[in-house]
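Close look at the chain arrangement
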Amino acid sequence: MFIPHAPSGYLLAKAIIRPACSSAFAKAIILVGVVGAVIPDIDMVYFYLFDHRLHHHKYFTHWPITWLALLLMATVLLRWAATKKAAFLLAVFALGGMLHMLLDSVVGDIWWQAPWLKQPLKLFTIEAVYQPGG
Ligand SMILES: [Zn+2]
């Protein structure tokens, strides 16, 4: 869900911030780190409003390739763009999304090889003790 991933994005951003960063840039890094760590779950809005069929981890916002592509784009921009700050913020945003994928993979299904293979992966399985409505 949205809120539990925010602290991970904050901690990621704090680990990235260096003393040489201006206060405004440090705040921007924290903002994009938190938003990047939370934004993959925006697909739940689509799930609840329109779809109701697919596990929300099957949407492209929960495909690791989405976040790796953004990270690759940020890397290219960091090399070639005239202003590096926006590219750096994009990299922090993408790292926040990748952190979300890693944390969701602990006990949740993540389709690491999507869109090529439809096989979810997770580290641990937690058996349901209670059944809904039971
Ligand atoms: Zn998620």
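Up top is the structure.
These notes cover the structure that comes with them. (Residues numbered from 1 in each chain as written. Predicted model: local features only at pLDDT ≥ 70, side-chain atom pairs only at ≥ 80, totals over all residues. Heavy atoms only, no water.)

Describing the coordination of the zinc ion
By definition of the ideal shapes, a tetrahedral metal site with four donors has angles of 109.5 degrees and an octahedral site with six donors has angles of 90 or 180 degrees. Bound to the zinc ion on the protein side are D41 (OD), H62 (NE2), H100 (NE2) and D104 (OD), at distances that span 2.0 to 2.3 Å. Coordination at the zinc ion is irregular, judged from the 4 donor atoms that bind it and the angles of 87 to 171° they form at the metal. Between the donor residues of the zinc ion, the gaps in sequence give the motif D-x20-H-x37-H-x3-D. In this pair, H62 sits in the loop between α3 (43–51) and α4 (64–80) while D104 sits in helix α5 (residues 84–104), placing the two residues 42 residues apart along the sequence. Exposure class is identical for H62 and D104. Each is buried. (Donors = N, O, S within 2.8 Å, 3.2 Å for Na, K, Ca; no water. Tetrahedral: all angles 85-135°; square planar, octahedral: opposite > 155°, others 65-115°. Helix = DSSP H or I, 4+ residues; strand = E, 2+ residues; numbered from the N terminus. Buried < 20%, exposed > 50% of the residue type's maximum accessible area, 1.4 Å probe, protein only.)

A look at the environment of W111
Within the secondary structure, W111 sits in the segment after α5. With relative accessibility at 8%, the residue W111 sits in the buried group. Remark: the alpha-carbon pair of W111 and F60, spanning 51 residues in sequence, is separated by 9.6 Å.

Regarding the nonpolar core
Residues L12, A13, I16, I17, F25, A26, I29, V32, L89 and V92 constitute the largest nonpolar core, which totals 10 residues. Here the element with the most residues in this core is helix α2 (residues 23–38); it accounts for 4 residues. Ignoring sequence-local partners within four residues, the contact set of A13 consists of I29, I30 and G33. Counting residues in hydrophobic clusters, the runner-up holds 9 residues, among them W67, L70, M101 and I110. (Core = buried A, V, L, I, M, F, W, Y, C linked by side-chain atoms within 4.5 Å. Contact = heavy atoms within 4.5 Å.)

These figures come from the coordinates and say nothing about function on their own.
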